[in-house]
Amino acid sequence: MGNFSDRGVKRSIDWKLVITYLLLIIIGWINIYASIHSSEPSSIFDFSVRSGKQFVWILTALGLALVILFAVNPGFWRSAALPMYLFVLILLVVVIFVSKDVKGSHSWFEFGPVKFQPAEISKITTSLLLAALLSQTNFKITRLKDFLMAAIVIGIPMLVILAESETGSALVYAGFLFVMYREGFSGWWIFSIIIAILLFILTLTVSPYVSALVLLGVIAVTGLVGSGQIDYRFWINLSILTLLCLAPWLFGKLATPEGFLSRIKPMYILLGVSLIAVISLIIKGYKDRRKHLSIAALGLLAGIALIFSTEFIFNNILQDHQRKRIEVLLGMKEDPSGVGYNVAQSMIAIGSGGFKGKGFLNGTQTTFGFVPEQSTDFIFCTVGEEWGFLGCLVVILLYVFMIWRIIIDAEKSREAFTRIYGYCVASCIFMHLFINIGMTIGLMPVIGIPLPLLSYGGSSLWAFTILIFIFIALYRQEKKYY
Amino acid sequence: MTTEGNNRSRVLLIGLVVVAVVLLGKLFQIQILEDKYKINASNNSMVYDLIYPTRGIIYDRNGKIIVSNKVTYDILVTPREVTPFDTLMLASALDVSPDFIREKMAEYSRNKKKIGYQSMVMLKQIKPEVYMKFAELQYNFPGFRGQVRSIRDYPVNAGGNLLGYVSEVDQKYIEDHPGEYRPGDYAGKTGIEAAREKDLRGEKGYHIYLRNSKNQIERPYKEGEMDKEAIPGKDIFTTIDADLQQYGQELMRDKVGSLVAIEPKTGEILSLVSSPGVDVSMLADISQHYNEIIKDPHKPMFNRAVQAPYPPGSVFKLVNGLIGLQEGTLNMDIAYPCYQGYHFGSHKLGCHSHASPLKLEEAIMMSCNGFFCYVLRNILENKKYKGIDEALDKWNEYVQSFGFGHKLGSDFPAELGGTLPTSKLYNKRYGKGGWKFTTIISISIGQGEVGVTPLQIANLAAIMANRGWYKIPHIVKESEGVEIDPKYHERQYTMVDTTNFQKVIKGMWRAVNNGPGTGCTAAIAEVKGLDICGKTGTAQNPRGADNSVFICFAPMDDPKIAVAAYVENAGFGATWAAPIASLLIEKYLLGETTRPELEERVMKGNLMSRVKTYN
């Protein structure tokens, strides 16, 4: 027995994953220290400042990891998935009514000095329940009833979190689409949803015109890929389409302000083009009995409807404050706490790091309080400024490795539950990574969510530790017995 | 499934790599390719130094400045930069006690962590002379510096309620105006300052400086290329006549009530006095005086002119008379008897002694109560309507068309609408069918459930002057860059024809100009050659003596000014309100009074002891 468990501990745990985890929390800790160093110079272990507190969080997180690895029967996670899910759901709802307003969101429980966000734990319980659901032997995601069940499991906490005004955390749930895709959900649906979100954002942030152009491009390309046959006629059509789309821009160059050309709105031309395209696609699809052409036409129509209704709803139906909220979420307008300012500051901080960075504790942008939330949501600024491109590369590679490794392990697993849960974990980390770093470098709107394992804060660190170590435990258990 | 699954996991892994490449690509761009984000090689950072815009100046209708700005200084401390210093020397330089400085420094060191590198305001609004003294010695006190701040200056005593005050925004204000303010900003909270806050405030700017890692400021960033200058607030031209306003303030001194003057043709408010008011000397730094103002039992912050719902008293007879004429239930030839009032059952609504019976013109001139009881009775018992409910609601509709019973919609903030009874109200109170004309008889003489603001009765005076229409009273004039709502240019017609107004106005003229001893109520308001038309009112006040009310306009043909005076607990309309209003008209039309004794009596009159306070 002793031999067996020795072998178990040493060989069955995915040490590479654990080491990546440890590296990331240490990097986080060092950077939290750096981010507060100049305004509050003290020892990294000073418990009155954030680096010292983070040290406590790290120790407790490691304790949690040990408990999950050695004290909890991995089977527990599957059997307790539903009750835990329901319990956290209740917490999510209750917090709306009992919490204080923190920058417009109601998502924190406060017990004296300790604060925690049920939305963080909810990721874990949703992952567990989703894995339990999808791993049932008779579950088929392509069946509408089963799909709806999965959608409900993901959707309910997502909506409640949206109601807490925690848009970032809610967005993370969109990552579960990747899990569904892996388990057989149609890739085209995922693709359509992503395109729909893209069109929605483009319509509001850039213009309906650009959004419609993108839609046409996507339809053309997918039409091309879908048909599988590319001949000269296709290219002729594509070039005519492109020319027509560029026409308004050309007109803009040629037109005099009073001239006839300036009175033609680009949108009208585009509409005309789309209309012709839809009709010809439908006719062609019908004649050639080619289904994908008709679907492309439908997609085009749906896309245009989406663009127009987005614009119409946004400008005419929404109340002023709702509009403002969306504008702030999409980073279109400066909000009271100065969203545009934050991004500019954060990009200056990261950009000023250059290739090698300014060196440990030498950052100036992040330490004088230009970058807000510098030890939490904007911790990546400190990495970028003090460690430069190299530091960013290392951090991002560590994350990519971690996600990659989890996916590989998940694929190796013989238990559907472990596999699906693994994908859930990978998706969560991925979404956080993309949204958070994307935000600090101006690729994503400013949506406050932490960078997993790096950002200051106990509840986030604990949640990701639990999330990851449940997977390690599940995977280890399999290796131990198979 | 497995191969399919593997395919799909491959797609996802490729996606992961693509996203990582996108992130790294963007990082490569901002960290290596572009130098827009690099400040320079020597490891500097930027400091934003905010520049506050100067607030717009407020002018009167003749281009006279009523609110401008003056310079004061705040003393800022950056506790981290402070080195040991001579407390006594600093105290004498700043004109404060050494203990004050010790306390402040102790407080900063207690909150050291919270303050960090920030600067704290130690002293607010010190005079330029004091600042000069400090500036000479400043080199002795590293970490201390002065910051220019512009505060409001009031060259004319135009009354705090009209002008309004500017003060630092609090958390609630910031939340109510999302995206517009940050802590430390100032905003207009009442009066004109609030009405045109958006124009007056201007836009903040900033200088960007570079700071090295030792926290010393080195030089402007990019030679100031990225700086943004503050945009000063727009100047506002008001409709107020500063001289008239100041004169009105003096007339209303030591009295509780309001004095409102409007130019009838345009609806422009010429003066708006609410007494007692906040003294302009307190306005600039109102937070210092806030407790004192709040504790004043006469509630100086309460703007009676636009908020107080007073009973209009006999002034309201004009409205009822006009409605009667329009409805055809009254004409110029009908005469009613009045024997010391209107008798019904064992009750009566009393009146003073005068000739009887009389017709409309005399009834207005002498302000006969009995006559107007008949007038309202005929309106409410008109056979045209199904019952008193319908007749009363029709009456309500008429009265509403005179601007009563709802907010006028002026641009002055915090305006209230007064009260006006409907059949619903009486049905609720007495039960359906449980009330008749005699139940509500007091509304015929402007008592009971009728509540109007002084602005509304001034507007009534303007309606009389215009013979049937008004423009919504407003306080801001259109000027370059400052637009006003087009509604202020539109005529609002009452439901009564112009011809009917002519008849009533004759009575108003006679009320003032019929000559003493003829029974006219407002002979005291007569000014030779000005043809003032007026109507007195004496409104019951449950809290002590009656309120004195007077509305008037002048001259009768081509009116230039319409005035309403409302003085609480001052007795008959003719005793205080009529002289006050007529003096104001005289001042406006002639420039000075021809009746210095009356002016002196009014200005010296102190009625404060008669007023019961609310505490």
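Parameters and conventions
- Residues numbered from 1 in each chain as written.
- Chains lettered and ligands numbered in written order.
- Predicted model: local features only at pLDDT ≥ 70, side-chain atom pairs only at ≥ 80, totals over all residues.
- Helix = DSSP H or I, 4+ residues; strand = E, 2+ residues; numbered from the N terminus.
- Contact = placed C-beta atoms within 7 Å.
- Buried ≥ 20, exposed ≤ 12 C-beta atoms within 10 Å, placed from the backbone.
- Core = buried A, V, L, I, M, F, W, Y, C linked by C-beta atoms within 7 Å.
- Pairing = 2+ DSSP bridges.
- Axes fitted to C-alpha atoms, helices over the stretch in contact; angles between N-to-C directions.
- Parallel < 35°, antiparallel > 145°, perpendicular 65-115°, else oblique.
- Left-handed = near helix turned anticlockwise from the far one by under 90°.
- Nonpolar A, V, L, I, M, F, W, Y, C, P; charged D, E, K, R; others polar.
- pLDDT = per-residue confidence, 0-100.
- Arc of directions from axis to C-beta.
- Expected span 1.5 Å × (residues − 1).

J.: Outline the overall build of chain B, supporting the account with residue identities and numerical values.
T.: Secondary structure summary: chain B contains 22 helices and 19 strands in total. Across chain B, the fraction of contacts at a sequence separation of at least 24, relative to all contacts at a separation of at least 6, is 71%.

J.: Now, about the overall build of chain A: what can you tell me, with residues and values included?
T.: Along chain A, the regular secondary structure elements total 19 helices and two strands. With 482 residues in all, chain A has 42% of them scored as buried. Pairs at least 24 apart in sequence give 68% of the contacts found in chain A among residues at least 6 apart.

J.: Please provide a residue-by-residue account of the nonpolar core, values included.
T.: Most often, soluble globular proteins keep nonpolar side chains buried together rather than apart. Residue and element names in this part refer to chain B. In terms of nonpolar packing, the biggest core is built from 137 residues, with Ala458, Ala461, Cys552, Val563 and Leu584 touching the most fellow members. With nine residues, helix α19 (residues 454–466) is the largest single contributor of residues to this core. Ignoring anything within four residues of it in the chain, the contact list for Val563 reads Ala261, Ala458, Ala461, Ile551, Cys552, Ala581, Leu584 and Ile585.

J.: Can you explain the environment of B:Lys424? Please cite residues and give values.
T.: Residues and elements named next belong to chain B. For Lys424, the location among the structural elements is in helix α18 (residues 423–430). A tally of 13 C-beta atoms within 10 Å means that Lys424 is categorised as partly exposed. Through-space distance from the C-alpha of Lys424 to that of Asp389 is 8.1 Å; in sequence the pair is 35 residues apart.

J.: I'd like a description of the sheet that holds strand β18 (residues 547–554) of chain B, backed by residues and values.
T.: All names here are of chain B. Sheet architecture is open: five strands sit in the order β12-β11-β19-β18-β17, paired in antiparallel fashion. Edge positions in the open sheet fall to β12 (268–275) and β17 (533–539), since each of these has one partner strand only. Geometrically, the sheet is characterised by an average inter-axis angle of 5 degrees between neighbouring strands, direction not taken into account. Where β18 lies against strand β19 (residues 561–567), seven bridges are found, and the strand directions are antiparallel. Counterpart to Phe553 in the pairing with β19 is Ala562. Where α19 meets the sheet, it contacts β11 (257–263), β18 and β19, and its direction lies at approximately 145 degrees from that of β19.

J.: How would you summarise unusual backbone geometry if you had to cite specific residues and measurements?
T.: A cis amide bond, omega -5 degrees, links B:Ser275 with the succeeding residue B:Pro276. Look at the link from B:Ala554 to B:Pro555: it is a cis peptide, with omega at -15 degrees. Position of B:Pro555 relative to the elements: it lies in the loop between β18 and β19. Of note in the backbone geometry, A:Leu453 takes a positive phi value of approximately 70 degrees without being a glycine. For A:Leu453, the location among the structural elements is in the loop between α18 (416–440) and α19 (458–481). If you check the backbone angles, B:Asp558 has positive phi at about 55 degrees while not being a glycine. Turning to its location among the elements, B:Asp558 is positioned in the loop between β18 and β19.

J.: So, the packing of helix α21 (residues 577–590) of chain B against helix α22 (residues 596–604) of chain B: which residues are in play, and what are the values?
T.: Residues and elements named next belong to chain B. Two elements in contact, α21 and α22, have axes whose closest approach is 10 Å; the angle formed by their N-to-C orientations is 120 degrees. When the interaxial angle is binned, α21 and α22 end up oblique. In the packing of α21 onto α22, the handedness of the crossing is left-handed. Of the residues in α22, those touching α21 at Pro579, Ile580 and Leu583 are Leu598, Glu599 and Val602. Residues of the contact of α21 with α22, tallied by class, amount to five nonpolar, no polar and one charged.

J.: Lay out the confidence of the model for chain B in plain terms, naming residues and giving numbers.
T.: Overall, the predicted model of chain B reaches an average pLDDT of 86, with 93% of residues at or above 70. Note on the complex model: pTM 0.57, ipTM 0.82.

J.: Before we move on, could you go through helix α2 (residues 87–94) of chain B and cite the residues and values that matter?
T.: Residue and element names in this part refer to chain B. Within α2, the full set of buried residues consists of Leu90, Ala93 and Leu94. In a view along the axis of α2, the buried residues occupy a sector of 85 degrees, so they form one face of it. Elements in contact with the buried residues of α2: β3 (65–77), α3 (98–110), β4 (120–126) and α5 (128–137). After α2 finishes, the residue Asp95 shows a positive phi value of roughly 65 degrees.

J.: Explain the environment of B:Ser401 residue by residue, including any values.
T.: All names here are of chain B. By the secondary structure assignment, Ser401 is in helix α17 (residues 388–401). With 69 residues separating them along the chain, Ser401 and Tyr470 place their C-alpha atoms 9.9 Å apart. With residues up to four places along the chain from it excluded, the contact list for Ser401 reads Thr494 and Met495.

J.: Mind laying out the pairing of β18(B), listing which residues take part and the relevant values?
T.: Residues and elements named next belong to chain B. The element β18 is extensively covered by neighbouring structure, given that eight of its eight residues are classed as buried. Of the two faces of β18, the one carrying Asn547, Val549, Ile551 and Phe553 and the one carrying Ser548, Phe550, Cys552 and Ala554 are both buried. One ladder, built from seven bridges, connects β17 with β18; its direction is antiparallel. When the bridges of β18 are listed, Gly534 appears paired with Cys552. Turn length for the β18-β19 hairpin, with the two strands adjacent in sequence and antiparallel, is six residues, and the turn residue Asp558 shows positive phi of about 55 degrees.

J.: Provide a residue-level description of helix α10 (residues 187–205) of chain A, including the pertinent values.
T.: The end-to-end C-alpha separation of α10(A) is 27 Å, in line with the 27 Å expected for 19 residues at 1.5 Å each. The set of residues buried in α10(A) consists of A:Leu199, A:Leu202, A:Thr203 and A:Leu204.

J.: So what's going on with the packing of helix α17 (residues 379–412) of chain A against α18(A)? Residues and values would help.
T.: All names here are of chain A. Interhelical geometry of α17 versus α18 gives an angle of 165 degrees and a closest axis separation of 9 Å. Here α18 runs roughly antiparallel to α17, going by the angle between their axes. Note on packing geometry: the crossing formed by α17 with α18 is left-handed. Listed contacts from α18 to Phe380, Cys381, Tyr399, Met402, Ile403, Ile406, Ile407, Asp409, Ala410 and Glu411 of α17 are Thr418, Arg419, Gly422, Tyr423, Val425, Ala426, Ile429, Phe430, Leu433, Asn436, Ile437 and Thr440. Considering only residue class, the contact of α17 with α18 consists of 15 nonpolar, four polar and three charged.

J.: Before we move on, can you summarise the pairing of β11(B) with the specific residues and values?
T.: Residue and element names in this part refer to chain B. Across the seven residues that make up β11, a large majority, seven, are buried. A two-sided burial pattern is seen for β11, the buried positions comprising Gly257, Leu259, Ala261 and Glu263 on one face and Ser258, Val260 and Ile262 on the other. When β11 meets β12, the two strands line up antiparallel, connected through seven bridges. Within the sheet, the bridge partner assigned to Gly257 lies in β12 and is Ser275. What sits between β11 and β12 in their antiparallel hairpin is a turn of four residues, with Gly267 showing a positive phi close to 75 degrees. The pairing of β11 with β19 spans six bridges and is antiparallel. Across the sheet, Ala261 pairs through a bridge with Val563, a residue of β19.

J.: Give a detailed account of the confidence of the model for chain A, specifying residues and quantitative values.
T.: All names here are of chain A. For chain A, per-residue confidence averages 79 on the pLDDT scale, and 75% of positions sit at 70 or higher. Between residues 1–6, whose pLDDT stays under 50, and residues either more than four places distant or in other chains, the model counts zero contacts. Scored below 50 in pLDDT, residues 334–339 shows 13 contacts in the model against residues more than four places distant or in partner chains.

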